[in-house]
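What follows is each chain in one-letter form.
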4 protein chains.
Amino acid sequence: MSSEDSSAFVAPARLEAFSDGVLAIVITLLVLEIKVPDLENPLSGQEAWKALLVLAPKFIGYLLSFFFVAVFWVNHHRFFRLIQHVDDGLLWLNVVLLLALSFIPFPTGMIGEYPRNSASLVLFATILLLGGVAFNLMWRHALRRDLFQSGVHRDVAKKAIAKGLWGPCLYGLSAALAFVFPLGCWILLVTIPFIYFFKRS
Amino acid sequence: MSSEDSSAFVAPARLEAFSDGVLAIVITLLVLEIKVPDLENPLSGQEAWKALLVLAPKFIGYLLSFFFVAVFWVNHHRFFRLIQHVDDGLLWLNVVLLLALSFIPFPTGMIGEYPRNSASLVLFATILLLGGVAFNLMWRHALRRDLFQSGVHRDVAKKAIAKGLWGPCLYGLSAALAFVFPLGCWILLVTIPFIYFFKRS
Amino acid sequence: MSSEDSSAFVAPARLEAFSDGVLAIVITLLVLEIKVPDLENPLSGQEAWKALLVLAPKFIGYLLSFFFVAVFWVNHHRFFRLIQHVDDGLLWLNVVLLLALSFIPFPTGMIGEYPRNSASLVLFATILLLGGVAFNLMWRHALRRDLFQSGVHRDVAKKAIAKGLWGPCLYGLSAALAFVFPLGCWILLVTIPFIYFFKRS
Amino acid sequence: MSSEDSSAFVAPARLEAFSDGVLAIVITLLVLEIKVPDLENPLSGQEAWKALLVLAPKFIGYLLSFFFVAVFWVNHHRFFRLIQHVDDGLLWLNVVLLLALSFIPFPTGMIGEYPRNSASLVLFATILLLGGVAFNLMWRHALRRDLFQSGVHRDVAKKAIAKGLWGPCLYGLSAALAFVFPLGCWILLVTIPFIYFFKRS
């Protein structure tokens, strides 16, 4: 297949629908990483609350991943609203993005199980970094190859690319922090949603 | 991103489709909480029936969660039929709703495993309460920000908001009951579907 | 909500899309019931083939459930192509159908784990029976309430209802056979796809 | 049902949407085959990295399956863009394709757990072979029965059928290699994506 004739055959709407499906599944599978705890006394409410408290890192990891995937979904949708054509480059960058995002349940399980282990946190932040970089490359690729709809200003894309560096920077910083100071990495990861909402309003 | 220019970029149809996807997955993942029981004699039908009987709380929890998610789906769909615009507030309230609903397999697993434990039931009812409150806030937000289609009367929304308090009230009552009288909480939870169908007809 | 004004708010297309989503998930989750076997010698191809042979009932159960869900999907799609309106009755009959079908991974796991246990097979066949009955009731309900599109002849529906009894009869017969003669039940279940394809051509 | 009147009732768009759903779920379920490893010292980053290294075959298997399913999705989508009618033959060939692809998490788990076992690799490659053959038969069937849209040249289909033999040949070769030389099978499987991208550009 030469890339010209084949590129016309992937419709933006279907690629977006497929990606939406993957993200909807990832966000819903996250809960499977949290197992019902074992209780010695199945009737003891107190023991159950304590067992749930022990699961706190899993719940926080769940909330974080849920938030990050939701943000990726919103941004992905906003990007595809502007896209006219999908060429092979954009298609495969999108596959890399989906690869990173559909892998998230594993590092989420890692940070939930080993919250104070640097390796868990490095892995978690690196996967987010990979997703963020892939998404930024999608914007750059679309701009360079002129894949946007006719009404879309190049400045919109340039602004989005610049803003879109925030995510990878924060994720990269999180990964770096994890090596030397795991708790600091957690604090940064938990702060990102607040930064996100603060910047919007 | 300022909230004006970005809000125009999430299409109601896509947010509904994404939410539909999440709900379809949640409702289907529920069955994974019910594990095939261990039998000493794999040929004994009698032992198998007894083992299935022991799983009764899991089956009832499955039915309850299936029903609640189905009702949320129906109401969510009816809500989005009326929506013209999705602003950032509605988007993130919808994310909170999805967060609550996609978490349901965990408390469903808890009440199936520890049906007489108050903590399980409090958690289960609280998650439903969170979902119900988020959905009610979606209606209120849409009314306040005038996000409905032009043909929609404000009275329709006001009536829906008033009726929509029934759910959170019943879920909150269930959570409160669970603390003092777990069996009463079960009875109330099982009664809610009957109340629901009785009110309709 | 009175049933008149609310019934207009569920679009056939969205109910079909939601049901499609549930069926796509069920058919894909089936594989999770088959666990990678434990091998003493991880390098021995021979031991691995033997272990896979022991899993044969799981593979057959997988194929059967895959086939049954696929047939339900095809028939469900053909039904909804004819539907103009969805009233509350059709909506909730459809929920019962989805309840039966999304439960299938559990009895599939049972017959895979305990293939010679009558209880497993009774459960499996009964769930299919429930699905078949719910689907037949959907046709009857749509005929009685006149929910079909204007161009659809009543004879088409009547014929479909009559033909649609084949499934529940075969599933009911399978359940009955399972009690007295589990192997006969397996033979019947495996024969059903062949009956199905023979009848078509 | 006679095959004429029934065949008109499956819309290509819905069959494609259903297949997309199945593929999106398969590609996202793959991660569930990778379990969080057990660590003796939950704080040791070094032990965690070693444990992750041991999981390397699982990660490579994950990447391979992700890639293969993504390629099937792209090709499936391109095929359905050309289809005007879905007859029963195409419908059931598509079901066989989905059967093969939705089974992939199991052999992916096998090669991840037993990477040097010939049986794992034979199974993995055979499932891909089955998928590739089913897809090739779909093209042939559509050509023979004239199911393409009016603007589609028969040469396009003939070219696609010829090119579409590459996949099954490579998968069949992988399966054969697995019997005699498991490492060679891995090398071939890992090379296929590079062959794929090299051929395109």
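Only a predicted model underlies this, so the values are computations on that prediction, with no experimental measurement involved.

Engineer: Just to check I follow, could you spell out the interface of chain A and chain D for this structure?
Structural biologist: Where the parts come together, the accessible area they lose is often given as the size of the interface. Listed per partner, the contact involves 38 residues of chain A and 45 residues of chain D. Of the roughly 3,600 Å² buried where chain A meets chain D, counting both sides, 72% is carbon and sulfur surface. The interface formed by chain A and chain D holds three salt bridges in total. A salt bridge links Asp 88 of chain A to Arg 78 of chain D, with the nearest nitrogen and oxygen atoms 3.3 Å apart. Where chain A packs against chain D, one counts 10 residue pairs in polar contact (both at pLDDT 80 or more). For the side of chain A that touches chain D, the secondary-structure elements that each account for two or more residues are α1 (3-7), α2 (12-29), α5 (88-103), α6 (105-113) and α7 (118-144) of chain A.

Engineer: Looking at this structure, I do not really get the relation of the copies chain A and chain D. What am I missing?
Structural biologist: Mapping chain A onto chain D is achieved by rotating through 90° and translating by 0.0 Å along the same axis, at an RMSD of 0.0 Å. Read as a symmetry element, the transformation amounts to a four-fold axis.

Engineer: Teacher, can you tell me more about empty space enclosed by the protein here?
Structural biologist: Rolled over the atoms, a probe with the dimensions of a water molecule shows which regions are left empty. Tallied over the full model, the rule gives eight cavities of 30 Å³ or more. If you trace the largest cavity, you find it lined by Ile 27, Phe 66, Ala 70, Trp 73 and Val 74 of chain C together with Leu 15, Phe 18, Asn 94, Val 95 and Leu 98 of chain D. Going through the elements one at a time, α4 (56-81) of chain C together with α2 (12-29) and α5 (88-103) of chain D are the ones with two or more residues in the lining of the largest cavity.

Engineer: Hey, could you run me through the relation of the copies chain A and chain B in this one?
Structural biologist: For the match of chain A to chain B, the screw axis carries a shift of 0.0 Å, the RMSD comes to 0.0 Å, and the turn is 90°. By residue overlap, the copies meet through two different surfaces: only 7% of the interface positions of chain A are interface positions in chain B.

Engineer: Help me understand the arrangement of the chains in this model?
Structural biologist: As for chain C relative to chain A, no contact occurs, and the smallest C-alpha gap between them is 9 Å. Kept free of each other, chain B and chain D leave a smallest C-alpha distance of 9 Å between them.

Engineer: Before we go on, may I ask you to explain α2 of chain D in this structure?
Structural biologist: Every α-helix carries 3.6 residues per turn, so stepping three or four residues along brings you back to the same face. The end-to-end C-alpha separation of α2 of chain D is 26 Å, in line with the 26 Å expected for 18 residues at 1.5 Å each. Most of α2 of chain D is tucked away: 14 of the 18 residues are buried.

Engineer: Honestly, the packing of aromatic side chains in this entry has me stumped. Any pointers?
Structural biologist: Within a pair of aromatic rings, the relevant descriptors are the distance that separates the centres and the angle that separates the planes. For the coordinates displayed, the defined rule picks out 78 aromatic pairs over all chains. Judged by centre distance (5.5 Å) and plane angle (65°), the ring pair of Phe 67 of chain B and Phe 68 of chain B falls under edge-to-face. The residues Phe 67 of chain B and Phe 68 of chain B share a single accessibility class, namely buried. Centroid distance Phe 67 of chain D to Phe 197 of chain D: 5.8 Å. Interplanar angle 55°. Geometry classified as tilted. On the criterion of sequence distance, the pair formed by Phe 67 of chain D in helix α4 (residues 56-81) and Phe 197 of chain D in helix α10 (residues 182-200) is long-range, its members being 130 residues apart. Note on Phe 197 of chain D: relative accessible area 34%, which makes it partly exposed. Taken together, the aromatic side chains of Phe 67, Phe 68, Phe 124, Tyr 171, Tyr 196 and Phe 197 of chain A together with Trp 92 of chain B make up a single cluster linked through ring pairs.

Basis of the calculations
Residues numbered from 1 in each chain as written. Chains lettered and ligands numbered in written order. Predicted model: local features only at pLDDT ≥ 70, side-chain atom pairs only at ≥ 80, totals over all residues. Heavy atoms only, no water. Contact = heavy atoms within 4.5 Å. Buried area = accessible area lost by both parts, 1.4 Å probe. Salt bridge = Lys/Arg side-chain N within 4 Å of Asp/Glu carboxyl O. Polar contact = N/O pair within 3.5 Å; in protein donor to acceptor, adjacent residues only side chain to side chain. Helix = DSSP H or I, 4+ residues; strand = E, 2+ residues; numbered from the N terminus. Least-squares fit on C-alpha atoms with pLDDT ≥ 70 in both. 1 Å grid on protein atoms, 1.4 Å probe; cavity = no way out; pocket = protein on both sides within 12 Å on 5 of 7 lines; lining within 4 Å. Points joined across faces, edges and corners; volume = space filled by probe spheres on them. Expected span 1.5 Å × (residues − 1). Buried < 20%, exposed > 50% of the residue type's maximum accessible area, 1.4 Å probe, protein only. Phe/Tyr/Trp six-rings, centres within 6.5 Å; stacked < 30°, edge-to-face > 60°.

Read these as spatial facts, not as claims about activity.
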